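What follows is each chain in one-letter form.
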Number of protein chains: 2
Amino acid sequence: MAEANSRAEALIQSVTKKPGDYSPGLEGVVAARSRLCQIDGAAGKLYYVGYAIEDLVQNSSFEEICFLLWYARLPRIDELENLQKQFREYRALPAEATTFIELLPHTSHPMDALRTVVSLLSTFDTNPEKSPEANLHRAIRLTAQFPTIVATFHRLRQNQKPILPHPKLSHAANFLYMLFGKEPEEMVGKVMDASLILHADHEMNASTFGSLVTASTLSDIYSAVSSGVGALKGPLHGGANEAVLKMLQEIEDPKNVDTWVEQALAKKQKIMGFGHRVYKNYDPRARIFKEYARRLSEKTKFSRFFQVNDKLEQVMQARKGQQGIFPNIDLYSGIVYHQLGIPTDLFTPIFAIARVAGWTAHILEYWQDNRLFRPNAIYDGPGPRPYVAAARR
Amino acid sequence: MAEANSRAEALIQSVTKKPGDYSPGLEGVVAARSRLCQIDGAAGKLYYVGYAIEDLVQNSSFEEICFLLWYARLPRIDELENLQKQFREYRALPAEATTFIELLPHTSHPMDALRTVVSLLSTFDTNPEKSPEANLHRAIRLTAQFPTIVATFHRLRQNQKPILPHPKLSHAANFLYMLFGKEPEEMVGKVMDASLILHADHEMNASTFGSLVTASTLSDIYSAVSSGVGALKGPLHGGANEAVLKMLQEIEDPKNVDTWVEQALAKKQKIMGFGHRVYKNYDPRARIFKEYARRLSEKTKFSRFFQVNDKLEQVMQARKGQQGIFPNIDLYSGIVYHQLGIPTDLFTPIFAIARVAGWTAHILEYWQDNRLFRPNAIYDGPGPRPYVAAARR
């Protein structure tokens, strides 16, 4: 305990800003304590509750990761089976929710649809109970429902009938089944499962932090999760994988990379898929995803995207030298999804399908020792002055 | 400029925490710069863009305050008239939105309904433009629509036909008209207008901060505002005025105050309507609202609530002595609304109808110099450890 405390204190010292620093975007400011996720930015390592992300992708499943994040330990076999059973039970949406989704304009961004339906689901929850158990139950149900919301909206906007959840498939494979109407190949199901594991949590990222700010007023979990969806939508966060694909389509060919990068840097344009507030080394998730992208690109006609990315990485690292600007996960997730035949505007919803596990785990954890988020602003407007009547302005 | 900078630096010094401090809830931490709102917590003063709240309540209107917050200056007469015209034009909801509201369960909390409809409105916005002008336009339209959303849902849940917005009335009076179906008395309209002015902005409160976190990913204004609604719902924030009224109903009579307070403090129960993270003196909004509550209570049968509150204030101040625990705005807003015949669960939505002006003003301001909110967490979970196969757990 004393050791844990002194380690925590050392960490506080290392990450807390000096007095007098106003840190835009709260960079380097500690906003919460958490036992869920550890990022070693310098070493390029990511751990969920102490387990390295590489081990988890190799050995675990998204369902097991949900258990790990919600209970802060790995499940016994019966516990995992029980959670899988709950997931399968809750996958189907209430009929009223499907009716609402049918009414959404087909042109809606799927993230807008998802945020609206999450918010809507609160109105069907008539349980007044606010205990940790009741909220964990809501977290399980919401996580189970996310893929169904996304797939249902996607089918309906294409004038296709929604596909009911498969009673046997895993969370990841069932999502692909509900999107495309057929069971995915094993390799494809595994890639989607890995993607969900890799995106499940990432410490105080903007959407998790936003969901905690909402939760901290003791509002409900639907409010907090819809804040998360809304924040994730932005191109500086979850929306980045969508932007990467647009960039790749613009570059088109590995031979155009040099010129494209030169022009982009000259225009001070942000190059998507590179750099991260926390990682000062290769993003470990990008490394794993790059391998999937390579393997998939060998089998499909999209190998050019992989080659563009690979070249882009070399050019960026050569330019930035030792201080290196490294790829982040978004550089490779987009091409993986593209190779699986997933429409570009579903990339960020897939991120949400994974991250809802992290949002809800952080919300439940924060509520154990809740404190309202209420920072200050530096006022830099005019000083006190008398009111002036309209005619004299 | 130099003077403004050095004033800003002095402020930074005074409010920024010392290194090594982890400040739960970001208390005392600077999260942004803003020219919109200044709270002098020690003196119990509140200014919008330099104008004291007392002057604004006396001389201004909610519409003028919206202009003040969005443009950081008071409008000329023609500018104010133009904004009033826009508000009247945008009050009516798109027909599809009304259809959605009709489908919401009547038992929904009005804040859940409001959050869902705000989120939904994004799906009808087909303008791809993201310029500051386009977003200001969205802010004006959303602010104009808020009272209509709340009143429409309230009428429908009572199986009453929604009332179309009045083409002539002010923002505040029209809201009461849409709720009750008749034009409010002048004094009542003025009280509602004052309430909207008093609630329009309050620096880095949790819901404004939450909407900025969402906005900072460069997500859209609907996402950011729905985060604000979700955060405001919580009883540690906007939900407090609802909780105050429940407390008053429980106390029932001024003669019960002493015993009730004694018991509540013994149980370490939070006494709603007292204390504030920033005000260490009488909340200036509470002082103004108390006067309205007193005036209204002379005319209605609800004077007992006012007497309970007044007694509660005396008892709390006597108990806490010099360090005084002062009333905040929530102590008096609830009884004012109750006296106007407004159902308890619409108190927080009225707060939202006012605060949407502040949320949108802060969002537009923050986007002028945007920086992603991405703080850190202190990790206090287990250190790196090997994965353990399920059978051996």
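Residues numbered from 1 in each chain as written. Chains lettered and ligands numbered in written order. Predicted model: local features only at pLDDT ≥ 70, side-chain atom pairs only at ≥ 80, totals over all residues. Heavy atoms only, no water.

*Asks:* What am I meant to see in the interface of chain B and chain A here?
*Replies:* It is common to report an interface's size as the accessible area lost on association of the parts. The interface is formed by 106 residues belonging to chain B together with 105 residues belonging to chain A. Between chain B and chain A the total buried area reaches about 9,800 Å² when both faces are included, carbon and sulfur atoms providing 59% of it. In terms of surface lost to chain A, no three residues of chain B exceed Arg374(B), Tyr379(B) and Tyr387(B), which account for 9% of the buried area on that side. Our enumeration of links across chain B and chain A arrives at 10 salt bridges. The salt bridge partner of Arg115(B) is Asp220(A), with a shortest N-O separation of 4.0 Å. There are 59 residue pairs in polar contact (both at pLDDT 80 or more) connecting chain B and chain A. Examining the composition of the side of chain B that touches chain A, we find that 7 residues originate from one element, helix 1 (residues 2–15) of chain B, more than from any other. (Contact = heavy atoms within 4.5 Å. Buried area = accessible area lost by both parts, 1.4 Å probe. Salt bridge = Lys/Arg side-chain N within 4 Å of Asp/Glu carboxyl O. Polar contact = N/O pair within 3.5 Å; in protein donor to acceptor, adjacent residues only side chain to side chain. Helix = DSSP H or I, 4+ residues; strand = E, 2+ residues; numbered from the N terminus.)

*Asks:* Sorry, what's going on with the domain arrangement of chain A here?
*Replies:* Residues and elements named next belong to chain A. Under the domain assignment, chain A is made up of domain 1 (52–237 + 349–369) and domain 2 (240–339). If you average the C-alpha positions of domain 1 and of domain 2, the two centres end up 27 Å apart. On the domain 2 side, the residues contacting the 21 residues of domain 1 number 20 residues. Together domain 1 and domain 2 conceal approximately 1,600 Å² of surface at their shared face, both sides included; 67% is due to carbon and sulfur atoms. Broken down residue by residue, the surface that domain 1 buries against domain 2 is led by Met-187, Leu-198 and His-202, which jointly contribute 33%. Our count for the contact surface shared by domain 1 and domain 2 stands at 0 salt bridges. Of all elements in the fold, only helix 2 (53–59), helix 9 (186–199) and helix 17 (347–367) reach the threshold of two or more residues within the side of domain 1 that touches domain 2. With 8 residues, helix 9 is the largest single contributor of residues to the side of domain 1 that touches domain 2. Each residue belonging to the side of domain 1 that touches domain 2 can be placed in one class, and the counts come to 11 nonpolar, 6 polar and 4 charged. (Domains from an automatic or database assignment. Nonpolar A, V, L, I, M, F, W, Y, C, P; charged D, E, K, R; others polar.)

*Asks:* How should the sheet that holds strand 2 (residues 37–40) of chain B be read in this particular structure?
*Replies:* Two pairing modes exist for strands in a sheet, parallel and antiparallel, and in both the strands are linked by backbone hydrogen bonds. Residues and elements named next belong to chain B. Sheet architecture is open: 3 strands sit in the order 2-3-4, paired in antiparallel fashion. Only two strands of the sheet have a single neighbouring strand rather than two, namely strand 2 and strand 4 (51–52). Here strand 2 pairs with strand 3 (residues 45–48) via 4 bridges, running antiparallel. Residue pairing in the sheet places Gln-38 in a bridge with Tyr-47 of strand 3. (Pairing = 2+ DSSP bridges.)

*Asks:* Help me understand the relation of the copies chain B and chain A in this model?
*Replies:* Here the two chain copies are tied together by a rotation about an axis and a shift along that axis. Overlaying chain B on chain A yields an RMSD of 0.0 Å, the required transformation being a rotation through 180° with an accompanying axial translation of 0.0 Å. These values place the two chain copies in the arrangement generated by a two-fold rotation axis. Across chain B, the smallest distance between a C-alpha and the rotation axis is recorded for Ser227(B), namely 2.3 Å. Most of the interface of chain B is mirrored in chain A, where 99% of its interface residues are also at the interface. (Least-squares fit on C-alpha atoms with pLDDT ≥ 70 in both.)

*Asks:* Teacher, can you tell me more about the pairing of strand 5 (residues 376–379) of chain B here?
*Replies:* In summary, the side chains of a regular strand alternate between the two faces of the sheet. A two-sided burial pattern is seen for strand 5 of chain B, the buried positions comprising Asn376(B) and Ile378(B) on one face and Ala377(B) and Tyr379(B) on the other. Strand direction decides the pairing type here: strand 1 (residues 30–34) of chain A and strand 5 of chain B, joined by 4 bridges, are parallel. Bridging from a neighbouring strand, Val30(A) pairs with Asn376(B) of strand 5 of chain B. (Buried < 20%, exposed > 50% of the residue type's maximum accessible area, 1.4 Å probe, protein only.)

*Asks:* For this particular structure, what's the right way to read the pattern of salt bridges?
*Replies:* Oppositely charged side chains can pair when the atoms bearing their charge come close. A full pass over the atoms with the stated rule returns 48 salt bridges over all chains. As a salt-bridge pair, Glu27(A) and Arg371(B) come within 2.3 Å of each other at their nearest N and O atoms. With Glu27(A) in the loop between helix 1 (2–15) and strand 1 and Arg371(B) in the loop between helix 17 (347–367) and strand 5, this pair bridges two chains. Overall, the relative accessible area of 27% leaves Glu27(A) in the partly exposed class. By relative accessible area, which is 33% here, Arg371(B) ends up partly exposed.

*Asks:* Explain the packing of aromatic side chains to me, please; I cannot follow it from the model alone.
*Replies:* Geometrically, a pair of aromatic rings is defined through the distance of the ring centres and the angle of the planes. Counted under the stated rule, the structure contains 22 aromatic pairs over all chains. Ring geometry for Phe289(A) and Tyr337(A): centres 6.3 Å apart, planes at 80°, overall edge-to-face. Here the residue Phe289(A) occupies a position in helix 14 (residues 284–299), and Tyr337(A) occupies one in helix 16 (residues 329–339), the gap between them amounting to 48 residues. Classification of Phe289(A) by relative accessible area gives buried; the value is 0%. The exposure class of Tyr337(A) is buried, given its relative accessible area of 1%. Here the aromatic rings of Phe67(B) and Tyr71(B) are separated by 4.1 Å at their centres, their planes lie at 20°, and the arrangement is stacked. Of this pair, Phe67(B) and Tyr71(B) are both found in helix 3 (residues 62–71), 4 residues apart, which corresponds to roughly one turn of the helix. On the basis of relative accessible area, Tyr71(B) is assigned to the partly exposed category, the value being 35%. Over the ring of Tyr282(A) we find Arg287(A), and its NZ or CZ is 4.5 Å from the ring centre. (Phe/Tyr/Trp six-rings, centres within 6.5 Å; stacked < 30°, edge-to-face > 60°. Lys NZ or Arg CZ within 6 Å of the ring centre and 35° of its normal.)

*Asks:* Please explain the layout of surface pockets as it appears in this structure.
*Replies:* Rolled over the atoms, a probe with the dimensions of a water molecule shows which regions are left empty. Residues and elements named next belong to chain A. As a volume, the largest pocket reaches approximately 1,100 Å³. Taken together, 42 residues form the lining of the largest pocket, with Pro-128, Lys-130, Leu-218, Ser-219 and Asp-220 sitting closest to its centre. For the lining of the largest pocket, the leading source of residues is helix 7 (residues 132–157), giving 5 residues. Broken down by class, the residue content of the lining of the largest pocket amounts to 16 nonpolar, 14 polar and 12 charged. (1 Å grid on protein atoms, 1.4 Å probe; cavity = no way out; pocket = protein on both sides within 12 Å on 5 of 7 lines; lining within 4 Å. Points joined across faces, edges and corners; volume = space filled by probe spheres on them.)

*Asks:* Got a minute to help me understand the packing of helix 8 (residues 171–180) of chain A against helix 9 of chain A in this structure?
*Replies:* Residues and elements named next belong to chain A. Closest axis-to-axis distance for the helix 8/helix 9 pair is 8 Å, and the angle between their directions is 115°. As helix 8 packs across helix 9, the resulting crossing turns out to be right-handed. When helix 8 is examined against helix 9, the residues His-171, Ala-172, Phe-175 and Leu-176 are found in contact with a partner set consisting of Val-188, Gly-189, Met-192, Asp-193 and Leu-196. Residues that form the contact of helix 8 with helix 9 fall into these classes: 6 nonpolar, 2 polar and 1 charged. (Axes fitted to C-alpha atoms, helices over the stretch in contact; angles between N-to-C directions. Left-handed = near helix turned anticlockwise from the far one by under 90°.)

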